[in-house]
Amino acid sequence: MELKVSVSEALALIKEVENVPAKILEYIGMSIQKEVGTFLSNLMGKELTDHIGREKYERKDGSTDYRNGSYTRTFCIKGIGDVEVRVPRDRDGDFQSQVLPRAQRYDDRITEDLAAMYLTGISTRTLSLLTKRLIGRSLSATEVSNATTELKQSIETWRNRDLSREKIKYLFMDGVNFRMRIAKSIERVPILVVIGVRHDGTKLVLGLQSGDKESAATWRQFFKDLKRRGLDGSTITLGIMDGLSGLEKVFQEEFSHAKIQRCQVHVAKNVIAKVPRKLKKEVADDLRSLFYASSRKKADEFAVAFAAKWEKDLPSAVKCLANSLDACLTYLSFPEEEWISLRTTNVIERLNKEFKRRTKPMEIVAGENACYLLLAFISLKMEMNWRATKIGKVRPNLPLYQKFTQLG
């Protein structure tokens, strides 16, 4: 690479670099941009030569196509920034460069980097501000969003993938709310989530779907969509949920062979909400004894004792527990090593917490498709972690299990 400058220009450059050492890198970068632009222009010139079949100024009998000038455009390259290139044209107008496709404005590696950063939870607006420093020029929020188009198509394929090969025995269900930009306004939009548990105890996210989590019709449609994708409802034996309105009834209708396990944490919160502050700890301790009983018989004994103890002073709390008792003790009829996982919706709550953590820096998600993109990425990463935490992996003889139960 040759830099041609006069003596006075060289002295001025040296002085400027002495004052601001980082300037030398800027000048080198500018020179590299120019050289790369020239190289790409020459390369496309060679492409045109191959296309029309003759060198510049060379005549060829029977050929009507020839060079027809060029036009200037820019192309952004990772680590270099914008380079200016001259794209040659032919008379027939059918020359298409493979070096720089006409619709491509920046390096594929930049698209990959933008997509990776977006998936980690950085908003399109923030990425737009960062791109000047990262790739040499600012990209608009629209350009950043467009860079994820291919990813969005892949995510839709994943969301609608075939489930016929998945042998699912348990379903965890819940909904989580996000602030989204919908039709130029900010709306609170719920996303329904269903996690399936295979017969070997591994977990996977079966579906993500926008919809009112309090609506029975929405859940019914979601379940029907899972079946349409191949989910075999006859193999499902248990649904774990937090008592959302209408969900339990619809679940039983759609999965007639399955039982319902109502989340004990949600039941306990509902009961304790009806208890005066000074009695909350004592009532919570009694509920813990009931919920961590070593058998259904023992749980029933604790339930009777709870009612006898609190019926006079806390009739509302006693009634609240009685209404949910059977539903929150269903897990006791399943394998004992799975109890700790089936008692609550903690599996799906942990996923929802990760959803919130990763989208918090964005504050507002840019629409439903953008939300699916982020949640699917998080779901796939969580599934990798779940490989080491199968349902039923925790055994009753482990010290940690004994510490929180009455089995030890």
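Below, the structure is looked at part by part. Keep in mind it's a predicted model, so treat the numbers as computed, not measured.

Our focus in this paragraph is the overall build of the protein chain. Tallying secondary structure elements over the protein chain gives 16 helices and seven strands in all. For the protein chain, the residues scored as buried account for 43% of the 408 residues in total. Put simply, of all contacts in the protein chain between residues at least 6 apart along the chain, 65% involve residues at least 24 apart. For the protein chain, the exposed area adds up to about 22800 Å²; of that, 52% sits on carbon and sulfur atoms.

Each strand in a sheet pairs with another by means of backbone hydrogen bonds, the pair being arranged parallel or else antiparallel. As summarised here, the arrangement of the five strands in space is β5-β4-β3-β6-β7, forming an open sheet in which the pairing is mixed. The open sheet has two edge strands, β5 (203–210) and β7 (259–262), and neither has a second partner. Strand-to-strand twist in this sheet, taken as the mean axis angle between neighbours without regard to direction, amounts to 25°. Pairing geometry for strand β6 (residues 238–241) and β7, over four bridges, is parallel. Bridged to I240 within β7 is Q261. Where helix α15 (residues 368–386) meets the sheet, its contacts fall on β3 (168–182), β4 (185–198) and β5, and the angle it forms with β5 comes to roughly 170°.

In this section: the nonpolar core. With 60 residues, the main nonpolar core has I191 and L208 as its most contacted residues. The greatest single-element share of this core, amounting to nine residues, is contributed by α15. Aside from chain neighbours lying at most four places away, what touches I191 is D174, G175, V176, F178, M180, L208, Q209, S210, C371, Y372 and L375. Ranked by size, the runner-up nonpolar core spans 22 residues in total, among them L226, L231, I236 and L247.

Within this structure, the stated rule accounts for seven aromatic pairs. Relative to F251, the ring of F223 lies with its centre 6.1 Å away and its plane at 70°, an arrangement referred to as edge-to-face. Here F223 is found in helix α7 (residues 216–228), whereas its partner F251 is found in helix α8 (residues 247–254), with 28 residues between them in sequence. Take F223 and F251: they sit in the same class, and that class is buried. Three or more aromatic residues link up through ring pairs in this structure, and these residues are W219, F222, F223, F251 and F255. A cation sits over an aromatic face here: K227 above F255, 5.0 Å from the ring centre. In this arrangement the basic side chain of K356 is found over the ring face of F178, its NZ or CZ atom lying 4.8 Å from the centre.

Let's shift gears to α8. Every buried residue belonging to α8 is among L247, E248, V250, F251 and E254, and all of these are buried. Projected down its long axis, α8 shows its buried positions confined to an angular sector of 165°, all on one face. Residues of α8 that are buried make contact with β3, α7, β6 and β7.

Attention now moves to helix α12 (residues 315–328). With 14 residues, α12 extends 19 Å from end C-alpha to end C-alpha; this agrees with the ideal 20 Å at 1.5 Å per step. Residues of α12 that are buried include every one of A317, V318, C320, L321, S324, L325, A327 and C328, and no others. Of the surrounding secondary structure, the elements contacted by the buried residues of α12 are β7, α9 (264–272), α10 (280–291) and α11 (296–310).

Let's shift gears to the environment of G239. Relative to the helices and strands, G239 resides in strand β6. In sequence terms G239 and L342 are 103 residues apart; their C-alpha atoms lie 9.2 Å from each other. Residue contacts for G239: discarding those within four places in its chain leaves L171, M173, F251, K259, I260 and Q261.

Bridge count for β3 against β4 is 14 bridges, and the pairing is antiparallel. From the neighbouring strand, M173 faces β4, where its bridge partner is V194. The loop that links β3 with its antiparallel partner β4 comprises two residues; one of these, A183, has a positive phi angle of about 50°. The sheet contact formed by β4 and β5 spans seven bridges and is antiparallel. Note that in β5 the partner of L192 across the bridge is Q209.

Quick notes on the rules
Here, residues in each chain are numbered from 1, in the same order as that chain's written sequence. With pLDDT at 70 or above as the cut-off, local features in this predicted model cover only qualifying residues; side-chain atom pairs require 80 or more to be listed or tallied, and sums for whole chains, interfaces and linings still use all residues. Side-chain metrics rest on all non-hydrogen atoms present in the structure, leaving aside hydrogens and water. Runs of E in the DSSP output that reach at least two residues are strands. Runs of H or I that reach at least four are helices, and both are numbered from the N terminus. In this scheme, a residue with accessible area under 20% of its type's maximum is buried, one over 50% is exposed, and one in between is partly exposed, where area comes from a 1.4 Å probe on protein chains only. Any two residues whose heavy atoms approach within 4.5 Å at even a single point are treated as in contact. Values of accessible area rely on a 1.4 Å probe in the Shrake-Rupley scheme; residue burial ignores everything except the protein chains shown. Pairing between strands is defined by DSSP: at least two bridges between them are needed. Every axis in this analysis is a line fitted to C-alpha atoms, fitted for helices over the stretch in contact. Angles between the N-to-C directions lie between 0 and 180 degrees. As used in this record, nonpolar core signifies buried Ala, Val, Leu, Ile, Met, Phe, Trp, Tyr and Cys residues forming a set joined through side-chain atoms within 4.5 Å. Pairing of aromatic rings covers Phe, Tyr and Trp, the last through its six-membered ring, and needs centres within 6.5 Å; plane angles under 30 degrees mean stacked, over 60 mean edge-to-face, and all others mean tilted. Sitting over a ring, as applied to charges here, requires NZ of Lys or CZ of Arg to be within 6 Å of the ring centre and within 35 degrees of the ring normal. Throughout, the arc means that of the directions going from the helix axis to the C-beta atoms. In this analysis, the expected span of each helix is defined as 1.5 Å times one less than the number of residues it contains.

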